[in-house]
Structure formats: structure tokens, C-alpha cells
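Next come the chains, spelled out residue by residue.
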Amino acid sequence: MLVTLKEILKLAEAKKNAIGCFNGPNLASMRAVIYAAEELNEPVVLTHAQLHEDMGLCKMDEVAPIMLYLADKAKVPVCVHLDHGTDLDYIKRGLDLGFTSVMFDGSALDYESNLANTSVIREISLRYGASLEAEVGSMGAREHGGGESLVNDENIYTDPESARDFAEATGIDALACAFGTVHGFYIKEPKLDFARLKKIHSLVKVPLVMHGGSGVSDDDYAKVIEYGIRKVNYYTYMAKAGAAAVAAMEPTKFYHDIEVAAMEGMKKDVMAAMKVFMRQGR
Ligand code: 13P
């Protein structure tokens, strides 16, 4: 069942847990996410990252119809979301293709330009009946599913008062905030700034989103969910699990066997992550 981000976040708020948001750059990863969600009978966000196109992965126009088809047929609520959209035309194309939610990532811009662009996209997304996520502060290196990122750089974390003003002025549905998580593999243990997250949660009235979910401990997950995180973006470890499943295979002559093994490996990892986000342990 295809739903918006706003609808899915209401389900998370009612249960005081978090919804997993997983990338689907190819058919194996899309099926892994949908089948995991159906097996756990849990809502999920299936997302396409703009940056994945630069890595030679599927283009938005290629994956969108399949993402929407799988979401529509799924037995659980599924939001089809555009992750880290950085330019207006691209986001608008995603809305034309039928995405029920988009993220505008203005984290490389100054506060005023981020606010101005987010407000423009808010108006457009409302016309499509789609949800909007935006970001205040920065998670450092962008979504790339594989590289290493700097950690614990407080200069780029979300300022709670600015986040409140931004959310009120733009009318966004969800706010991505930076408090110590980064995309890709961590080069040293992340030290999450829980006091900052708590403050953001006390001031910002929309659900909060945590990016950089791979490599965060289960204890830290429990805390961030307690302090208001309602969506967790997670891809690096899922992709790593797919690769590990392929590496553990008996030699095969057929590519289709590889794809099935990768799908199963990713599905297992997605299910384990979702259980943590549901606060049920692994
Ligand atoms: P990871 O790289 O930690 O899996 O995070 C993915 C993400 O935040 C996508 O937006």
C-alpha cells in the first residue's frame, strides 16, 4: 500500500518507534526491503538517492515505476521517497514520477538559502500531495554507501533554535538533523550528542530523522528513538550484507544466483535493523 511520509511517520509516533528508510538502487535491494517489511508486517520507506546516479546505479526514471509498483502491491504501508535531492528540477521530476515524499538536502547551503529553497519545494510538494523532509545542519559527506566519513565534528551539527525556526517557517513534514551520525562507514566510533537531540526534540514539532544509521549501536538506537527519532536512514550495512552473502557463496556460473544470494543477505540485514527500530531487539 503506497502512502506518504507524513502518514507513515504518524504510525511511528503512535508506537513511539522509528521507521526504517532503505535505499533501492536495484531490483535485489528493492525486493529485500519490501519482503523484509512484509515478513515483519511493518511499514517501511523505500528510497532512491540522487547521488546513486553518479555511481552508475539505476536512474530515478528507471527505478521509480518499479518502486511504486512494489509499494502499491505490498501488504504493508510503503512510502516511496527521494533521498538527498539537491536540485529543484530533479525533485520536481521525482514528484512527476509519483514519489510520495521527497527530501530537499540544502545542507551545503547557508541557512537563508536552504530556507528559501525548502519553502519553494514545500509549495510544489503540496500541489502533488507529497511529503517533504529537509535538513538543518550537515551530516558531512553525502549519501554514498561505501566511503568513510569524518565523525564527531560539532561545527556541522544541527542548532536546535535554528531547527525550530526553520521547521515553523517552511512547514516541512520531517526534519533531518545532525548530532553525530554520518553516511558510510565510521572511521572511529560515533559519539552521538544526545543532549542536542533532546533539545531539538523539545523545540521542533515535526518528526525527526536520523541519517547515517549503519554502525550505530543498539543502545544508541534505543536512546535516539526515545529522544524523538521517527525515521532512520540506513543503507551501507545492508549493501555490505549483500556483498558478504555473495562472497560466502559456492562458485556459480550464473549471475542470477548471485542476485538471489545478495537479495537474501540484504533482506536478513534489513529485518535485523527493522527489529531494532521497532524496539524489539535483533
Ligand atoms: P548509512 O550510510 O549509514 O547506511 O546511511 C544511509 C543514509 O543516511 C541515506 O540517507
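The following refers to the structure shown. Model, not experiment: these values are computed from the prediction.

**Considering the overall build of the protein chain**
Helices and strands together make up the secondary structure of the protein chain, namely 10 helices and 11 strands. A principal-axis box enclosing the C-alpha atoms of the protein chain has dimensions of 55 × 40 × 35 Å. Within the protein chain, the proportion of its 282 residues that are buried is 55%. Long-range contacts, defined here as pairs at least 24 residues apart, represent 73% of the contacts in the protein chain between residues at least 6 apart. For the protein chain, the exposed surface amounts to about 12000 Å²; the carbon and sulfur share of it is 54%. Once the 30 positive and 40 negative side-chain charges of the protein chain are each reduced to a mean point, those two points are 5 Å apart.

**Focus on the site of the ligand**
Lining the immediate surroundings of the ligand are 14 residues, of which D83, G212, S214, Y235 and T236 lie closest. Between the ligand and the protein, one listed contact pairs an oxygen atom with a side-chain N or O atom of H211 at 2.9 Å. Relative to its free-state accessible area of 310 Å², the ligand is covered by the protein chains to the extent of 100%. Breaking the shell around the ligand down by element, the ones donating at least two residues are β4 (78–85) and β11 (229–234). Among the residues making up the shell around the ligand, the classes are represented as three nonpolar, nine polar and two charged.

**Quick notes on the pattern of salt bridges**
Applying the stated criterion across every chain, the model contains 11 salt bridges. For K15, the salt bridge is made with E42, and the minimal N-O distance between the two is 3.4 Å. Of this pair, K15 sits in helix α1 (residues 5–15) while E42 is found in the loop between α2 (27–40) and β3 (44–49), placing the two residues 27 residues apart along the sequence. Close ionic contact of R93 with D61 constitutes a salt bridge, the shortest N to O distance being 2.9 Å. Placement of R93 in helix α4 (residues 88–97) and of D61 in helix α3 (residues 60–73) is noted, with a sequence separation of 32 residues between them. On the basis of relative accessibility, which here comes to 35%, the residue R93 falls in the partly exposed class. Residue D61 is classed as partly exposed on the basis of its relative accessible area of 37%. When salt bridges that share partners are traced, they join E13, K16 and R230 into one network.

**Some thoughts on the packing of helix α5 (residues 111–128) against helix α6 (residues 160–170)**
Where α5 meets α6, the closest approach of the two axes is 9 Å, and the angle between their N-to-C directions is 30°. Between α5 and α6, the interaxial angle falls into the category roughly parallel. Remark: the crossing between α5 and α6 carries right-handed chirality. Here α5 contributes Y111, N114, L115, T118, S119 and R122 to the contact with α6, which in turn contributes S162, D165, F166, A169 and T170. Taken together, the residues of the contact of α5 with α6 break down into four nonpolar, five polar and two charged.

**Considerations on unusual backbone geometry**
Positioned with a positive phi, N41 is a non-glycine residue whose angle comes to about 55°. Relative to the assigned elements, N41 resides in the loop between α2 and β3. For R279, which is not glycine, the phi torsion reads 65° and is therefore positive. On the secondary structure map, R279 appears in the segment after α10 (255–277). When its relative accessible area of 45% is taken as the criterion, R279 is described as partly exposed.

**Description of α1**
For α1, the set of buried residues is L5, I8, L9 and A12. The buried residues of α1 occupy one face: seen down the axis, they fall within an arc of 100°. For α1, the exposed residues set more than 90 degrees away from the buried face come down to K10 and A14. Looking one or two residues past α1, K16 carries a phi angle of roughly 50°, positive in sign.

**Focus: the pairing of β3**
Among the six residues that make up β3, six are buried, leaving the element largely enclosed by the rest of the structure. Where burial is concerned, the two faces of β3 agree: the one with V44, L46 and H48 and the one with V45, T47 and A49 are both buried. Of the strand pairs in this sheet, strand β2 (residues 19–23) and β3 are connected by three bridges, and their pairing is parallel. Considered in β3, the bridge of C21 is made with V45. Since β2 and β3 lie parallel, the crossover through α2 that links them has a hand, and here it is right-handed. One ladder, built from six bridges, connects β3 with β4; its direction is parallel. From the neighbouring strand, A49 faces β4, where its bridge partner is D83.

**Some details on the side chain of D193**
By secondary structure assignment, the location of D193 is in the loop between β9 (185–186) and α7 (194–203). Taking the relative accessible area as the measure of exposure, D193 reaches 18% and is therefore buried. Reaching out from D193, the side chain makes a polar contact with the side chain of R196 at a distance of 3.0 Å. Among residues more than four places away in sequence, those in contact with D193 are Y157 and F179.

Reading the values: rules and limits
Residues numbered from 1 in each chain as written. Predicted model: local features only at pLDDT ≥ 70, side-chain atom pairs only at ≥ 80, totals over all residues. Heavy atoms only, no water. Helix = DSSP H or I, 4+ residues; strand = E, 2+ residues; numbered from the N terminus. Buried < 20%, exposed > 50% of the residue type's maximum accessible area, 1.4 Å probe, protein only. Contact = heavy atoms within 4.5 Å. Areas by Shrake-Rupley, 256 points an atom, 1.4 Å probe, with all protein chains shown as cover. Lys, Arg positive; Asp, Glu negative; His and termini not counted. Charge placed at Lys NZ, Arg CZ, Asp CG, Glu CD. Near = heavy atom within 4 Å. Polar contact = N/O pair within 3.5 Å; in protein donor to acceptor, adjacent residues only side chain to side chain. Nonpolar A, V, L, I, M, F, W, Y, C, P; charged D, E, K, R; others polar. Salt bridge = Lys/Arg side-chain N within 4 Å of Asp/Glu carboxyl O. Axes fitted to C-alpha atoms, helices over the stretch in contact; angles between N-to-C directions. Parallel < 35°, antiparallel > 145°, perpendicular 65-115°, else oblique. Left-handed = near helix turned anticlockwise from the far one by under 90°. Arc of directions from axis to C-beta. Pairing = 2+ DSSP bridges. Right-handed = clockwise from strand over helix to strand, strands pointing away.

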